[in-house]
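Overview (structure and organization)
One-letter residues, chain by chain:
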Amino acid sequence: MERRDTTRILRGLLGPAAPEVGCDTCFEELDRFVELELAGEDAEAAIPGLRAHLEGCPACREEHVSLLALAAGEQR
Amino acid sequence: MSTVTLRGVEAGASEAAVTARQLQDDESRAWLRDLRADGAVRDDALARLHELLVRAARFEVARRRVTLPHLRGDELDDIALEAADDALMSVLRRLDDFRGLSRFSTWAYKFALLEAAVKLRKRAWQGREIPLEPEAWNLFASARLAPDTEAELAELLGAVERGIAEALTPHQRRVLVALAVDGVPIDVLADRLGSTRGALYKTLHDARRKLRAQLAERGIALEEWLEES
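Moving on to the overall build of chain B. Along the backbone of chain B there are nine helices and zero strands. Element order for chain B, N to C, with α for helix and β for strand: α-α-α-α-α-α-α-α-α. At a minimum sequence separation of 6, the contacts of chain B that also span at least 24 residues come to 73%.

This part takes up the domain arrangement of chain B. Residue and element names in this part refer to chain B. Looking at the assigned domains, one finds that chain B contains domain 1 (2–125) and domain 2 (134–226). Taken together, the contacts link four residues of domain 1 with four residues of domain 2. Of the residues that constitute the side of domain 1 that touches domain 2, the class distribution is two nonpolar, no polar and two charged.

Turning to the nonpolar core, a few remarks are in order. All names here are of chain B. L53, A57, A112, A116 and L176 are the most contacted members of the largest nonpolar core, which totals 64 residues. Broken down by element, the residue count for this core peaks at 12 residues, all from helix α4 (residues 104–125). Taken domain by domain, this core gets at least three of its residues from each of domain 1 (2–125) and domain 2 (134–226). Among residues more than four places away in sequence, those in contact with A116 are A57, E60, V61, I79, A80 and A83.

Turning our attention to the interface of chain A and chain B. Quite often, the size of an interface is put as the accessible area lost when its parts meet. The partner chain B presents 39 residues to the 30 residues of chain A that form the contact. Those elements giving two or more residues to the side of chain A that touches chain B turn out to be α1 (3–14), α2 (23–38) and α5 (58–75) of chain A. For the side of chain A that touches chain B, the leading source of residues is α1(A), giving 10 residues. Looking at side-chain class alone, the side of chain A that touches chain B contains 14 nonpolar, six polar and 10 charged residues.

Cut-offs applied
- Residues numbered from 1 in each chain as written.
- Chains lettered and ligands numbered in written order.
- Predicted model: local features only at pLDDT ≥ 70, side-chain atom pairs only at ≥ 80, totals over all residues.
- Helix = DSSP H or I, 4+ residues; strand = E, 2+ residues; numbered from the N terminus.
- Contact = placed C-beta atoms within 7 Å.
- Domains from an automatic or database assignment.
- Nonpolar A, V, L, I, M, F, W, Y, C, P; charged D, E, K, R; others polar.
- Core = buried A, V, L, I, M, F, W, Y, C linked by C-beta atoms within 7 Å.
- Buried ≥ 20, exposed ≤ 12 C-beta atoms within 10 Å, placed from the backbone.

Structure below.
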């Protein structure tokens, strides 16, 4: 097992150390979070725990990446 | 003098932000007004909203198509259209929940992205067996550690295995291993267990807290191993 595989499994097993919101709150706030990020504002300060959730939840992370890319395209 | 200039810059930036915000609010208000109207105005708004949702669903399908190489282009487009239809229902059902804290289009997009992502993850796992027996797993069974693997790592992996076996309930163990080791998508697992994504994430979260606490009690330092190499 490579070191990076060990790290990946351990991160998945142990999750983020910081307090985090759940999937439902993440979905509720994701659009606002993404727009704050695109505006260069401190999204994590506005919605504490969402960044940590994205670290811990692969499904929400994928949806965040998509929404960020889609909304960024709209703004161009 | 510099204070005056700074104030001028701040005022300019603030005016621009207010203008952008106003445009955004106007656009969102127009969406809400038209979707709540009757007749042709509403029909037109629904058609525009559906178009917007199809665009988002197709975007998601295009991003993920490498994970579904066996699906033809028309099958993928059917998934995108079905996702957009379902998202349209969700958006209309939840219209009163829109708080105007983002653009309406960004708020609506997330419903289409969610529907498309869930459908594609389920399709990718269709027919695949998910090992759910807690006894059936052996976390690092396939791990052939390199000969020069540090003793520290072997100790850590052993402690993690013991922590999972001893500190967690069978349900927590099943959920943690399926999601974090076997890589089962959370909505696929929720479907198989008759649960919800939110409930399973709560289980995962509690299991992780317990595991971290158990490792901390044993004096195992984790942070070094959790950093990206």
